[in-house]
Amino acid sequence: MSDKMTEKMEVKGLNFYYGTKQALKDINLAVQEGEITALIGPSGCGKTTFLRCLNRMHDLYPGNRYEGEILLEGKNILRKGIDLIKLRSRIGMVFQKPTPFPMSISDNIAFGLKLKGIRNRGEIEGRVETALKDSALFDEVKDRLNTPALSLSGGQQQRLCIARAVAVEPDVILMDEPCSALDPVATVKIEDLMSELKSNYTVVIVTHNMQQAARVSEYTGFFMLGEVMEFDRTKRIFTNPKNKMTEDYITGRFG
Amino acid sequence: MNTESREAATSSGDRIFKGVSYFFAISVMCLMGLVVLVLFKESLPSIQKFGLGFITSTSWDPVALEFGALPAIYGTVVTSIIAIVIALPISIGIAIFLTEMAPTSLKGPIGVAIELLASIPSIIYGMWGLFILSPLLGDYVEPFIIDHFGFIPLFDGAPLGIGMLPAGFILAIMIIPFISSVSRDVFLMVPSILKESGYGVGATKWEVIRRVVLPFARSGIVGAVILGLGRALGETMAVTFMIGNSPDISLSLLDPATSISATLANEFTEADHPLYLSSIVELGLMLFIITFVVLAIAKLMTRRYEKR
């Protein structure tokens, strides 16, 4: 573990409102480049809301409002006039449930590539293959790249979604409880995959599963009632938390 | 009441309920069978007289007692196709606007307006078509079409304001509410998480709609089209007003024609000869068969899409 760290994203004094209801209060934390940052906390604590601020997914729905700053490589992504389409192609997202598009396996991955303006068939094919290899799916699907993605198993679909996110080479990948709909075997595969992705990508993962946070992440943030109770290295959070609430939560006294 | 008698009462209640439900469900089937049976029985004289020639003959001459259904079948099918061709893109546009783009303040009013369109009686559409739409089409739209597209045989004719194209127009307006409200419901069923995945890889709204929402909703849209088609095929009053009621087959969509339902409406009371009446009933049977085939194709298509 090198001590030289770069902050990929930095969140400063973030408040978020669904209409008039404040969902996040004064969030401050930093996402380190090339590391996995886990966000844990009880249901309704705001961790998913926070994750969706990072690629401004909330902007799809009317009435939502941000205050504060979220810096991506030093630039505030909450500023007016930012190109949200471009932003989202730099910050990929994987959802709670696998969300393959209703098209073939390879088209699913080519989707984002084509949006990026890559037209060359050879290049698309090459990058589809790389993305599938990166997400440890290639060997399982290489003979049926043109079959519908919906014919894959749940775990395979989720790895396909990760491959789809990886294919456009984003700066950051956001994962919103990516294993919550999967069985333990598929979960292990996704976790292995996350550890491998870490060498090339910065990952932020929301999880209900504390063991998962402990296993895969380097940093952990504990959310409660829309606030960050504690943010620190995962090791410290799980062995020596400063906050009593964090301790109660990770030891299973509530939540 | 003790437990035993309560149980007995419940189980006999259950039996009665089951029997009554069965009866109603089966009676739908029986009704359907009876309709077919009566149509068939009443059209027997015509079937015996004309055989398959009824479908292939283009002559509809009550005076000579010669009856061929081809012009009516042709008019029915062509006007319905025109209606779908016009109504489908408009309806999909309305549905996309309502589900993906409209501000909340507009969603309600537009949705209600569309449902109101569906509730207008078809005779009103027919009268509006004849008195308002038909002169407009005849004076402005059709001359324009003839001038610019007249070299295509489909659009070569006189600007009468009545005919297959005007009938198709009015049918399109009548089926837009059906297709758009079913499509809207189908689009609403596309999981938001799936759309978000599209946006998540950097797609624009248009790209998400075209590549994610529409493919996902495809089987539902087919269903919506069939619903509209079913309605267009059987629509009577508005078409009777607009189609021109002339039992001829013309390549030009601007020419007057007739449809099965228009013929039924116009001539049922005039059928003074048993063979005439029987031929009209056989026309009805034809309409029944066409609608049935369309529905069957729809079922097959939606099933195929659902499998994929």
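The residue count restarts for each chain, going from 1 along the sequence in the order it is written. As a convention, the first chain written is A and the first ligand written is 1, with the rest following in written order. The model is predicted, so local features are restricted to residues of pLDDT at least 70 and side-chain atom pairs to those at 80 or more, both for listing and for counting; the totals for chains, interfaces and linings are taken over all residues. Based on all heavy atoms of the structure, the side-chain values leave hydrogens and waters out of the count.

A. The arrangement of the domain arrangement of chain B in detail. Residue and element names in this part refer to chain B. Domain segmentation is taken from an automatic or database assignment of domains. One can read the domain layout of chain B as domain 1 (3-42) and domain 2 (45-307). Taking only C-alpha atoms, the centre of domain 1 and the centre of domain 2 are 36 Å apart. We call two residues in contact whenever any of their non-hydrogen atoms come within 4.5 Å of each other. The partner domain 2 presents seven residues to the seven residues of domain 1 that form the contact. Two parts placed together each lose some accessible area under a 1.4 Å probe, and adding up what both lose gives the buried area. Taking both partners together, domain 1 and domain 2 bury about 610 Å²; carbon and sulfur atoms supply 83% of that area.

B. Highlighting the sheet that holds strand E1 (residues 7-18) of chain A. All names here are of chain A. With antiparallel pairing, four strands are arranged side by side in an open sheet as E2-E1-E4-E5. What marks the edges here is a single partner per strand, and that holds for strand E2 (21-32) and strand E5 (75-76). Two strands qualify as a pair provided that DSSP identifies no fewer than 2 bridges between them. Strands are runs of DSSP state E lasting at least 2 residues, helices are runs of H or I lasting at least 4, and numbering of each runs from the N terminus. By the bridge criterion, two bridges tie strand E4 (residues 64-72) to E5 in an arrangement that is antiparallel. Note on E5: the bridge partner recorded for Leu 71 is Asn 76. Orientation is described by lines fitted to C-alpha atoms, with helices fitted over the stretch in contact, and by angles between N-to-C directions that extend from 0 to 180 degrees. Against the sheet, helix H1 (residues 47-54) makes contact with E1, E2 and E4, and its axis sits at roughly 120° relative to E1, the strand it touches most.

C. Looking closely at the pairing of strand E9 (residues 219-224) of chain A. All names here are of chain A. Counting buried residues in E9 gives six out of six residues, a clear majority hidden from the surface. Buried means the residue's accessible area, taken with a 1.4 Å probe over protein chains only, is under 20% of the maximum for its type, while exposed means over 50%, and partly exposed covers the values in between. Burial along E9 is two-sided: the residues Tyr 219, Gly 221 and Phe 223 and Thr 220, Phe 222 and Met 224 are all buried. Across four bridges, the pairing between strand E3 (residues 36-40) and E9 is parallel. The partner of Thr 37 across the bridge, within E9, is Tyr 219. Examined bridge by bridge, E9 and strand E10 (residues 227-233) share six bridges and lie antiparallel to one another. Bridge pairing links Met 224 to Glu 227 in E10. Between E9 and the antiparallel strand that follows it, E10, lie two residues; Leu 225 among them carries a positive phi value of about 50°.

D. Just the interface of chain A and chain B, in detail. Between chain A and chain B, the residue contacts involve 22 residues of the former and 17 residues of the latter. Overall, the association of chain A and chain B removes approximately 1,800 Å² of surface from exposure, summing both partners, and the carbon and sulfur fraction of that is 72%. The largest per-residue losses of area from chain A upon contact with chain B belong to A:Pro102, A:Phe111 and A:Leu115, which jointly make up 27% of the total buried on that side. Each salt bridge in this description consists of a side-chain nitrogen of Lys or Arg and a carboxyl oxygen of Asp or Glu lying within 4 Å of one another. Inspection of the chain A/chain B interface yields one salt bridge. Two residues, A:Arg52 and B:Glu196, come together in a salt bridge whose shortest N-O distance is 2.8 Å. Think of a polar contact as two N or O atoms within 3.5 Å of one another; within protein, one of them needs to be a possible hydrogen donor and the other a possible acceptor, and neighboring residues in sequence only count if both atoms come from side chains. Connecting chain A to chain B are three residue pairs in polar contact (both at pLDDT 80 or more).

E. Representation of the pairing of E4(A) within the structure. Residue and element names in this part refer to chain A. Here E1 pairs with E4 via eight bridges, running antiparallel. Opposite Met 9, over in E4, you have Leu 72 as the bridge partner. Hairpin remark: E4 followed by E5, antiparallel, with two residues in the connecting loop; positive phi at Glu 73, about 50°.

F. Structural view of helix H4 (residues 121-134) of chain A. All names here are of chain A. Spanning 14 residues, H4 covers 20 Å between terminal C-alpha atoms, matching the ideal 20 Å at 1.5 Å per step. Those residues of H4 lying buried are Ile 124, Arg 127, Val 128, Ala 131 and Leu 132. In a view along the axis of H4, the buried residues occupy a sector of 135°, so they form one face of it. The elements touched by buried residues of H4 are helix H3 (105-115), helix H5 (138-141) and helix H6 (154-167). For H4, the capping residue at the N-terminal end is Asn 120, with a side-chain oxygen 2.8 Å from the backbone nitrogen of Gly 122. Looking one or two residues beyond H4, the residue adopting positive phi is Ala 136, at roughly 55°. The length a helix should cover is 1.5 Å for every residue beyond the first. Each C-beta atom gives one direction from the helix axis, and the arc is the one those directions make.

G. Quick peek at the sheet that holds strand E8 (residues 202-206) of chain A. Residues and elements named next belong to chain A. Spatially, the six strands line up as an open sheet ordered E6-E7-E8-E3-E9-E10, and their pairing is mixed. Among the strands making up the open sheet, the edge pair consists of strand E6 (91-94) and E10. Between one strand and the next, the sheet's axes are offset by a mean angle of 15°, whatever the strand orientation. Bridging between strand E7 (residues 172-176) and E8 involves five bridges; their strand directions are parallel. Each residue of the ladder has a partner; that of Met 175, found in E8, is Ile 205.

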